[in-house]
Amino acid sequence: MQHHIPLEVRDREVTRLDLFMGFAKIGLLGFGGVAPWARYVIVEERQWLTEREFAEVLGVGQVLPGPNTMNAAVMIGDRFHGIPGVLLCVLGQMLMPLVIVVTLAMIYAEFASIPQVNAALIGAAAGAAGLVLGTGIKMVQKLKPTGMALVFGGLAFVASGILELPIVWVVGVLAPLSIAAAAFERRHR
Amino acid sequence: MNWQLLLDIVTVFISLSVVSIGGANAVLPDIRRQVVDVHGWMNEATFADLFAISHAAPGPNVIMVSLIGWHMAGFFGLVAATLAILVPSSLIAFAVGRVVNRWSDKRWIAVAKQGLVPIAVGLILASGISMIKAADHNLLLFLISLGTAAFMAFAGRNPLWALAGGTLLNILALQLGWPG
């Protein structure tokens, strides 16, 4: 059973400023990957989308070219505020990181040789890796996958995470099969 | 301003944008090949530096491309590279998003979305494992990753606490001289 809050209702709740600020937060906190922060801000903190809606947007964003979270930002922005929403979400997510990365590039030579800074970066990278893994675990808990979903989620995980096959092949082979399995499961329920 | 260089940057990243399924990390080897081998815009060491800097900054991994643009042609290079890598893929996402929304009551859209969810979740878990393999060079770092993973999955609080805790723990470990 899926619950869909009508989008028109939420249109009134999420202002353009909300969208921009939310995605600015996602970009600003997204060390080592923005997916954990996108999910946290959009699903848990601001409740713009349900767990399933977010996973669906991310799923569609995953099979298209481009960063999945950027594709998700485009689709979420468009849903709430059309083209201005798209621009606000993408700009919000990119603006501060761009300023920061250019600043870092200018001081890189000095800061990279400080051991504490180095230790901080390594610690943050380890922490960020855990956040990504934890986000996946939380989504599995919340989404309560069917048998077929477990099979294809598991295959995607093993193919990409353990066997380290190129994502384009993993997606190209598994996405059509997973969709076919979903169709089969709906018919035989 | 070197228009030819800007044009080359735009051409390279537009062609990478439309094939970049899996995002910037998935096409990283292609980016390296284009900017180091094919065009000779920088050497291997500079590319590695730019990669490290872009990973020290927050934000989508695609800012690596922006930084390459900045390195080569300053502000306009940054703008050109960023737009070139983002606009084509975003236009596709925009069009597909419209189609999905327009026919959201159709069964085949619901089925497609349902089928894509496990792929997205499986790939997030995979990306977590890949990042752990790349980042965790010792037991402490591995424990930090496990800690933030558990916090994210079970605590239901702002994950910034976990991230800050892990970072501070590793600085502390350096100061105390372990695990060495």
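Residues numbered from 1 in each chain as written. Chains lettered and ligands numbered in written order. Predicted model: local features only at pLDDT ≥ 70, side-chain atom pairs only at ≥ 80, totals over all residues. Heavy atoms only, no water.

In the annotation of an unreviewed UniProt entry, the entry for chain B reads Chromate transporter, and the organism field reads Agaricicola taiwanensis. Per its UniProt entry, chain B bears the Subcellular location (unreviewed entry) comment "Cell membrane". In the Sequence similarities (unreviewed entry) part of its UniProt record, chain B is described as follows: "Belongs to the chromate ion transporter (CHR) (TC 2.A.51) family." (UniProt positions renumbered as here; feature names shortened; annotations may be inferred.)

As annotated in an unreviewed UniProt entry, chain A is Chromate transporter from Agaricicola taiwanensis. UniProt annotates chain A under Subcellular location (unreviewed entry) with the comment "Cell membrane". Per UniProt, chain A carries the Sequence similarities (unreviewed entry) text "Belongs to the chromate ion transporter (CHR) (TC 2.A.51) family."

Engineer: I'm lost on the overall build of chain B in this one. Help?
Structural biologist: Scanning chain B for helices and strands turns up 7 helices and 0 strands. N-terminal to C-terminal, the α/β element order of chain B is α-α-α-α-α-α-α. Here the C-alpha radius of gyration of chain B, 20 Å, is well above what a compact globule of 180 residues would show, namely 16 Å. Overall, chain B is about 55 × 50 × 25 Å in size when its C-alpha atoms are taken along their principal axes. Across the 180 residues that make up chain B, the buried fraction comes to 49%. (Helix = DSSP H or I, 4+ residues; strand = E, 2+ residues; numbered from the N terminus. Rg over C-alpha atoms; globule rule 2.2 N^0.38 Å. Buried < 20%, exposed > 50% of the residue type's maximum accessible area, 1.4 Å probe, protein only.)

Engineer: Explanation requested: the packing of aromatic side chains in the structure shown.
Structural biologist: Pairs of aromatic rings are described using the distance from one ring centre to the other and the angle between the two planes. Under the counting rule described, the total for this entry stands at 4 aromatic pairs over all chains. An angle of 75° between the planes, with centres 5.5 Å apart, marks the rings of Phe-75 of chain B and Phe-76 of chain B as edge-to-face. Here the aromatic cluster, defined as three or more aromatic residues joined through ring pairs, consists of Phe-23, Trp-48 and Phe-80 of chain A. If you follow Arg-102 of chain B out to its NZ or CZ, it ends over the ring of Trp-103 of chain B, 5.0 Å from the centre. (Phe/Tyr/Trp six-rings, centres within 6.5 Å; stacked < 30°, edge-to-face > 60°. Lys NZ or Arg CZ within 6 Å of the ring centre and 35° of its normal.)

Engineer: Is there a simple way to explain the domain arrangement of chain B in this structure?
Structural biologist: Frequently, the measure chosen for interface size is the accessible area removed from exposure when the parts meet. Here the domain parsing of chain B yields domain 1 (3-135) and domain 2 (137-180). Distance between the C-alpha centres of domain 1 of chain B and domain 2 of chain B: 28 Å. (Domains from an automatic or database assignment.)

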